[in-house]
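Geometric and topological summary
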Amino acid sequence: MADETKANILLVDDRPENLLALEAILEGLGQNLITASSGEEALKVLLKHEVSVILLDVQMPGLSGLETAELIKAREKTRHIPIIFLTAINKEERFIFEGYSVGAVDFLFKPFDPVILRSKVAVFVDLYRKNQQIKAQAEALERSTRDAMRQKALTELILDSAASICGIDRQGRITFINKAGAALLGYGHDELIGQPIHGVVHHSHPDGSGMSLDECAIHQTLRDGAFRRVEDEVFWRKDGECFPVEFQVNPLREDGVITGAVVSFVDITERRQAQTALEERTEALEEANTQLRQADRYKDEFLSVLSHELRTPINAITGFGSILDDEVLGPLSEEQHHYLKKMLAGADVLLCLINDLLDMSRIQAGKFVLSPRMMDFGAVVQDVIENIRPLAERKGHELVTEIEPDLPAFWADDQRVAQILVNLVNNAIKFTPDGGYVMVRALRDADSLLCEVSDTGIGIAAGDLPKLFQRFTQLDSSSTREAGGTGLGLAITKTLVESHGGTIGVQSEKGHGSRFWFRLPMRTSEDSGAPVEASQIG
């Protein structure tokens, strides 16, 4: 392998003995001697190596020395390489002139004096080395110029930057500060140069008490060379006022020795004010939430007490009204029976409302529990339909059931499942104009029961669908207000379904009816999957 610290000399001759002779003569120069036995091989060598001088035989088969020289001079990278022609035949001036015309710098005629050859080659090697030195110096100068320009641009960028930046030496004296930094501190640019940063801008704590050098984060970095970021201290302005500051200290090193630091800083007054406002707002919201939770608890307690207290007089109305309607105390006229039935129907509606309030208060208090057992869902549907059919008939509705035959019994609270069905079917009847159609459909779907309650009623607007299962929510329409209710029915229904580990949903379009559906897991025993706890309704 050629020594890269030495110059390359290319020897080109088709006769091996001539190459050996040239190597013997030039060996004493201590350079890399590269040999080629043809013009073609010499051109290949020049593609890989940079050479200082070429010794080229004129008479060679294939590419002659003159043709080879012409190709070398035609290539930009090799055109400046000096070529010394070696010949033992053509000594005519015409031939020599042709050699110079294709780029030769000298002619040596065989046999040649070894000393003269070695001297000529040494001159060109020395010239090559000097050119390389000049080239390296030029490149170094160019790099240095580029670095200086970059440094100048960086310095100008720092000085003109909107961020506040200053530099300090090993003793903490300010060596430079940009315009933004000087302006933030209330000084002219030149006033701070040479001043101790600790004594001028960082001498005291936020409470005004003095800060020692040992406490100063900037001087700590000058001692141990560690980067520091501080955001709970203050800097002091020329007018004696201080401001909250966040600053960073980056140490500067030269040959591993700490020579100073760069300090970047920013006024965080507005940030502190925003944080304070946010904390105050958060505290106010927490207080408001506490009051809302307390008010919500009072409301739930009031509803619970009110519901219990109302049941007694309603039960009395229902009981004594039924005695009168049954004519136990004597016969009644048709008109008297009519008004009694209206009174009893009103009492039933009021009792349903109270039951809804009681259920919701139990849910809110976490006292709501299921009483599951093996349940025949088909039988529950039939019982519900028979009880609610008179309501459908009064409005002229067709009430239809479609229950998959032989549905297996499964573990659930039959009374709560009946309550789910009553709420959904009752809503379908209430919100379907007279002469409508209501259908209850149930089938097994994998390991779940799927039940659907569909109608040809007024439907629900897309924007109202997300509100359906929220407590105390009634959609704002004349039909809804006429139907009445607490707005708890669907919220309770959702809780009952989810307490069984099921899901509930609705598909509806305004003016085109609704389809409510729910799924219940068909557990075969109480241990095959415990129902989830009833969560509070939002």
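Everything here concerns the structure above.
Residues numbered from 1 in each chain as written. Predicted model: local features only at pLDDT ≥ 70, side-chain atom pairs only at ≥ 80, totals over all residues. Heavy atoms only, no water.

1. Section: the overall build of the protein
- Tallying secondary structure elements over the protein gives 14 helices and 17 strands in all.
- When the 538 residues of the protein are sorted by exposure, 38% land in the buried category.
- When contacts within the protein are restricted to residue pairs at least 6 apart in sequence, those whose partners lie at least 24 apart make up 60%.
- Summed over its atoms, the accessible surface of the protein is roughly 30300 Å², and 53% of this surface lies on carbon and sulfur atoms. (Helix = DSSP H or I, 4+ residues; strand = E, 2+ residues; numbered from the N terminus. Buried < 20%, exposed > 50% of the residue type's maximum accessible area, 1.4 Å probe, protein only. Contact = heavy atoms within 4.5 Å. Areas by Shrake-Rupley, 256 points an atom, 1.4 Å probe, with all protein chains shown as cover.)

2. Some words on helix H3 (residues 65-74)
- Along H3, the residues that are buried comprise Gly65, Leu66, Thr68, Ala69, Ile72 and Lys73. One side of H3 holds all its buried residues, which, seen down the axis, span an arc of 160 degrees. Exposed and oriented more than 90 degrees from the buried face of H3 are Glu70 and Ala74. (Arc of directions from axis to C-beta.)

3. Describing a nonpolar patch on the surface
- Where nonpolar side chains cluster on the molecular surface, the patch consists of Phe320, Ile323, Leu324, Val328 and Leu329 and spans about 520 Å² of accessible area.
- Among the structural elements, phenylalanine 320 can be located in helix H9 (residues 269-325). (Patch = residues over 30% accessible without salt bridge, like charges linked within 9 Å, V, L, I, M, F, W, Y side chains within 5 Å. Salt bridge = Lys/Arg side-chain N within 4 Å of Asp/Glu carboxyl O.)

4. Here we look at the packing of helix H2 (residues 39-48) against H3
- The contact between H2 and H3 brings their axes to 9 Å, and the two run at 20 degrees. One way to sum up the angle between H2 and H3 is to call them roughly parallel. Considering the relative orientation of H2 and H3, their crossing is right-handed. The residues of H3 that touch H2, namely those facing Gly39, Leu43 and Leu46, are Thr68, Leu71 and Ile72.
- A per-class count over the contact of H2 with H3 returns 4 nonpolar, 2 polar and no charged. (Axes fitted to C-alpha atoms, helices over the stretch in contact; angles between N-to-C directions. Parallel < 35°, antiparallel > 145°, perpendicular 65-115°, else oblique. Left-handed = near helix turned anticlockwise from the far one by under 90°. Nonpolar A, V, L, I, M, F, W, Y, C, P; charged D, E, K, R; others polar.)

5. A closer look at the packing of helix H11 (residues 377-394) against helix H12 (residues 414-430)
- Following both chains from N to C, one finds H11 and H12 inclined at 35 degrees, their axes separated by 10 Å at the closest point. For the element pair H11 and H12, the recorded crossing hand is right-handed. Seen from H11, the contacting residues are Phe377, Val380, Val381, Val384, Ile388, Leu391 and Ala392; seen from H12, they are Asp414, Val417, Ala418, Leu421, Val422, Val425, Asn426 and Ile429.
- Across the contact of H11 with H12, the residue classes tally to 13 nonpolar, 1 polar and 1 charged.

6. Points about the pattern of salt bridges
- Inspection of every chain in the model, using the stated rule, returns 19 salt bridges.
- Between lysine 130 and aspartate 126 there is a salt bridge, with its nearest N and O atoms 2.9 Å apart. In this pair, lysine 130 and aspartate 126 both sit in helix H5 (residues 114-160), 4 residues apart, roughly one turn of the helix.
- Among the residues examined, lysine 130 registers a relative accessible area of 44% and is labelled partly exposed.
- Of the charged contacts, one joins arginine 228 and aspartate 224 as a salt bridge, the two residues approaching to 2.7 Å between their closest N and O atoms.
- Linked by salt bridges that have partners in common, Arg229, Glu231, Glu246 and Arg271 make up one network.

7. Side note on the nonpolar core
- Counting 42 residues, the largest nonpolar core has Phe377, Phe410, Leu421, Phe516 and Phe518 as the members making the most contacts within it.
- The set of elements that each furnish at least two residues to this core consists of H11, strand S13 (410-412), H12, strand S14 (437-445), strand S15 (448-455), helix H14 (489-499), strand S16 (503-508) and strand S17 (514-521).
- Considering every element that reaches this core, the biggest residue donor is H12, with 8 residues.
- Each residue touching phenylalanine 518, except ones within four places of it in the same chain, is listed here: Phe377, Ile420, Leu421, Leu424, Leu449, Leu450, Cys451, Val497, Thr503 and Ile504.
- Ranked by size, the runner-up nonpolar core spans 26 residues in total, among them Ile168, Ala182, Leu222 and Phe247. (Core = buried A, V, L, I, M, F, W, Y, C linked by side-chain atoms within 4.5 Å.)

8. Some details on the sheet that holds S16
- As summarised here, the arrangement of the 5 strands in space is S12-S14-S15-S17-S16, forming an open sheet in which the pairing is mixed. This sheet does not close on itself; its edge strands, each paired only once, are strand S12 (398-403) and S16. Taken over all neighbouring pairs, the strand axes of this sheet differ in orientation by 15 degrees on average, direction set aside.
- Across 8 bridges, S14 lies against S15 in antiparallel orientation. Within S15, the position partnered with methionine 439 by the bridge is serine 454.
- Of the strands in this sheet, S12, S14, S15 and S17 are in contact with H11, which crosses S12 at around 175 degrees. (Pairing = 2+ DSSP bridges.)

9. Details of the pairing of strand S3 (residues 53-57)
- Burial within S3 is extensive, with 5 of its 5 residues counted as buried.
- Covered by surrounding structure in S3 are Val53, Leu55 and Asp57 together with Ile54 and Leu56, the residues of both alternating faces.
- Looking at chain direction, strand S1 (residues 8-12) and S3 are connected through 4 bridges and run parallel. Bridge assignment links valine 12 to a residue of S3, and that residue is leucine 56.
- Across 4 bridges, the pairing between S3 and strand S4 (residues 83-87) is parallel.

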